[in-house]
Amino acid sequence: MELDPRLWGIRSMLSRVRHKILVLSGKGGVGKTLTTALLGLAAARKGLPVGALDLDVTDPNLHVVLGVDPGREWPGERKGILPVHVAGLRFMSVAFFTRGRAAPLRGREASEAIREILSATNWGQLELLLVDMPPGLGEEMLETLKLIPESIALVVGTPSRLSRDSLARLLSLLAENMPTRRILLLENMARGEAVLTSLAREYGARYIGSIPYDSRVEEALGDPSRLLDTGPGKASECIVEAILDYLSS
Amino acid sequence: MHEWAIAEGIIKAVEEQLRSGVKPSRIVVVAGELQNLDLEVMRGYLDPALSELVPEASVEYEVEEARFECRSCGFKWSLKESVLTSEEREAIHFLPEAFHVYIRCPRCGSRDVEVTSGRGVRLRIEY
Ligand SMILES: Nc1ncnc2c1ncn2[C@@H]1O[C@H](COP(=O)(O)OP(=O)(O)OP(=O)(O)O)[C@@H](O)[C@H]1O
Ligand SMILES: [Mg+2]
Ligand SMILES: [Zn+2]
């Protein structure tokens, strides 16, 4: 019989991480990476031990939002690979090893990379680990949901009708196939009234709040303290509170 | 050390075998050449732990040659024929899939390359 020892490694490495949150969406470009960064930075500012992991293995860009240059930083080693510290946040990404260059991966290879990173990263003790996922209902999402069965799905959607349609598909997939999984819905690029609350109710997800659209985000990218000063940054502080409330109830 | 994390996974896997009531008689740690693990370091962690957990089992270490195949032109070659800097080796050591950035097909230059053997660590257990 042949076993993949990483499956045990993953459990062991994540055993000291209290809550794992996978940031998901069906369609791309809805703001998973930005919200992963903002929620992580806001939680770190509150003094929580928090980690952020970029699992968008073929096209990682969380380092850009956080202002980390993968060509210059190199994770240390101690009982595994150590995340890099940015503004109080512990950060890990495949970009450190690909030096920010393109790594064309087929489905199975993306899963291999995900297993490797999850089993090798030594986060230490964390209250919260936020995982930025690639868009889509494919290999990466299915593999990560399986590897971390206790994780919470934080689904990001925008008010656009196109986004809602795709959101409904993802929510129904999660609700049908993984009935015990805890699901949160976050509305991003909100303009005024929240429009996704009824969708959340329909699929048994918890609506966790909304983040407004703010054109100042673009120039603040790469600068954690400026990002936290934007509308989305401030909203993220409330959303972190809401998530912590939800997790403790 | 990163080797520690891999060894830890192996020990946990063997422990679970024992808990489920099966007794391994032979354990083979198959290490892919691509990941370039330090086997001496691995043995330093594993030998004492395994000889305590499964004293009757034989424990062996095997290095599997890393081989590639180009998906564009079908060319096959081995890691030994690829030239890598020590930094590139280090990146691949942490994340074998990083080879896609540093290794191209020597015949046609394509980056759509598959590693057909010798990627990472597998644990072979016989009873
Ligand atoms: N609330 C917001 N206000 C202003 N700009 C935003 C907001 N949310 C996201 N953006 C911008 O929209 C773009 C897409 O966001 P982001 O990269 O976070 O999406 P994503 O879901 O991670 O995309 P992908 O699916 O490609 O990974 C980025 O330029 C980001 O800065
Ligand atoms: Mg993204
Ligand atoms: Zn070729």
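Above: the structure in question.
The written sequence of each chain sets the order in which its residues are numbered from 1. As they are written, the chains are lettered A onward and the ligands numbered 1 onward, keeping that order. At least 70 in pLDDT is required for a residue's local features to be given in this predicted model, at least 80 for side-chain atom pairs to be given and counted, and no such filter applies to totals for whole chains, interfaces and linings, which use all residues. The basis for every side-chain value is the complete set of non-hydrogen atoms in the structure, without hydrogens or water.

A. Examining the sheet that holds strand 1 (residues 26-32) of chain B more closely. Reading across the sheet, the four strands line up as 1(A)-6(B)-1(B)-2(B) and stay open at both edges, with mixed pairing between neighbours. At either margin of the open sheet sits one strand with a lone partner, and together these are strand 1 (2-3) of chain A together with strand 2 (58-64) of chain B. In terms of strand pairing, strand 1 of chain B meets strand 2 of chain B through seven bridges, oriented parallel. Bridging across to strand 2 of chain B, B:V28 finds its partner in B:E60. Contacts are residue-level and defined by heavy atoms, with any inter-residue pair within 4.5 Å sufficient. Orientation is described by axes fitted as lines to C-alpha atoms, over the contacting stretch for helices, and by angles from 0 to 180 degrees between their N-to-C directions. Working definition: helices are DSSP H or I runs of at least four residues, strands are E runs of at least two. Numbering for both runs from the N terminus. Each of strand 1 of chain A together with strand 1 and strand 6 (121-126) of chain B touches helix 1 (residues 2-19) of chain B; the most contacted strand, strand 6 of chain B, lies at about 25 degrees to it. Here, strands pair whenever DSSP counts at least two bridges between them.

B. Seen up close, the environment of A:V156. Residue and element names in this part refer to chain A. Tracing the backbone through its elements, the reader meets V156 in strand 7 (residues 152-157). Sequence spacing of V156 and L174 is 18 residues, and the spatial spacing of their C-alpha atoms is 13 Å. In contact with V156, other than residues within four places in its own chain, are V23, L24, S25, V30, G31, K32, T35, L167, L186 and N188.

C. Representation of the sheet that holds strand 2 (residues 17-24) of chain A within the structure. Residue and element names in this part refer to chain A. A sheet is described by the order of its strands in space; here eight strands give the open sequence 4-5-3-6-2-7-8-9, paired in mixed fashion. Both outer strands of the open sheet, strand 4 (84-86) and strand 9 (206-212), are each paired with one neighbouring strand and no more. Adjacent strand axes in the sheet meet at a mean angle of 25 degrees when their direction is disregarded.

D. Here's a closer look at the coordination of the zinc ion (ligand 3). Residues and elements named next belong to chain B. Here a donor is any nitrogen, oxygen or sulfur atom (N, O, S) within 2.8 Å of the metal, with 3.2 Å used for Na, K and Ca; water is not among the atoms considered, so some sites may look incomplete. Around the zinc ion (ligand 3), the donor atoms from the protein are C70 (SG), C73 (SG), C105 (SG) and C108 (SG), and they sit 2.3 Å away. Taken together, the four donor atoms coordinating the zinc ion (ligand 3) span angles of 106 to 115 degrees at the metal, a pattern that classifies the geometry as tetrahedral. Between the donor residues of the zinc ion (ligand 3), the gaps in sequence give the motif C-x2-C-x31-C-x2-C. One end of the pair, C70, is in strand 3 (residues 67-70); the other, C105, is in the loop between helix 4 (99-102) and strand 5 (113-117), with 35 residues separating them in the sequence. C105 matches C70 in its accessibility class, with the two residues each being buried. Geometry is assigned from the angles between donors: four donors with all angles from 85 to 135 degrees make a tetrahedral site, four or six donors whose opposite pairs exceed 155 degrees while the rest stay between 65 and 115 make square planar or octahedral sites respectively, and everything else is labelled irregular. Buried means the residue's accessible area, taken with a 1.4 Å probe over protein chains only, is under 20% of the maximum for its type, while exposed means over 50%, and partly exposed covers the values in between.

E. Highlighting the packing of helix 1 (residues 6-14) of chain A against helix 1 of chain B. Contact geometry for helix 1 of chain A and helix 1 of chain B: axes closest at 7 Å, N-to-C directions at 105 degrees. Taken together, the axis directions place helix 1 of chain A and helix 1 of chain B in an arrangement best described as roughly perpendicular. Listed contacts from helix 1 of chain B to A:W8, A:G9, A:R11, A:S12 and A:M13 of helix 1 of chain A are B:W4, B:A5, B:E8, B:G9, B:K12, B:A13 and B:E16. Residues are sorted three ways: Asp, Glu, Lys and Arg are charged, Ala, Val, Leu, Ile, Met, Phe, Trp, Tyr, Cys and Pro are nonpolar, and all the rest, Gly among them, are polar. The residue inventory of the contact of helix 1 of chain A with helix 1 of chain B, partitioned by class, reads five nonpolar, three polar and four charged. Roughly parallel here means an angle under 35 degrees, roughly antiparallel means over 145, roughly perpendicular means 65 to 115, and every remaining angle is called oblique.

F. Representation of the nonpolar core within the structure. Residues A:L53, A:L66, A:F97, A:L174 and B:F68 are the most contacted members of the largest nonpolar core, which totals 105 residues. A per-element tally of this core places helix 2 (residues 32-45) of chain A first, with eight residues. Residues A:L3, B:A13, B:M42 and B:Y61 belong to the second largest nonpolar core, which totals 20 residues. Nonpolar cores are built from buried Ala, Val, Leu, Ile, Met, Phe, Trp, Tyr and Cys residues. Side-chain atoms within 4.5 Å join them into one set.

G. Summary view of unusual backbone geometry. Located in the positive-phi region is A:K79, a residue other than glycine, with phi close to 45 degrees. Along the chain, A:K79 falls in the loop between helix 3 (62-66) and strand 4. What makes A:K79 partly exposed here is its relative accessible area of 44%. Of note, the phi angle at B:N36 is positive, near 55 degrees, even though the residue is not glycine. On the secondary structure map, B:N36 appears in the loop between strand 1 and helix 2 (39-53).

H. The arrangement of the site of ligand 1 in detail. Residues and elements named next belong to chain A. Around ligand 1, the structure places 17 residues, and the nearest of them are K32, T33, L34, N188 and P212. Note that an oxygen atom of ligand 1 is positioned 3.0 Å from one of the backbone N or O atoms of G31. At 2.8 Å from an oxygen atom of ligand 1 is found a main-chain nitrogen or oxygen belonging to L34. Those elements that place two or more of their residues in the shell around ligand 1 are helix 2, strand 8 (183-190) and strand 9. The leading source of residues in the shell around ligand 1 is helix 2, at three residues. Tallied by class, the residues present in the shell around ligand 1 amount to nine nonpolar, five polar and three charged. Whether a residue is near a molecule or strand is decided by its heavy atoms; if any one of them lies within 4 Å of it, the residue is near. Think of a polar contact as two N or O atoms within 3.5 Å of one another; within protein, one of them needs to be a possible hydrogen donor and the other a possible acceptor, and neighboring residues in sequence only count if both atoms come from side chains.

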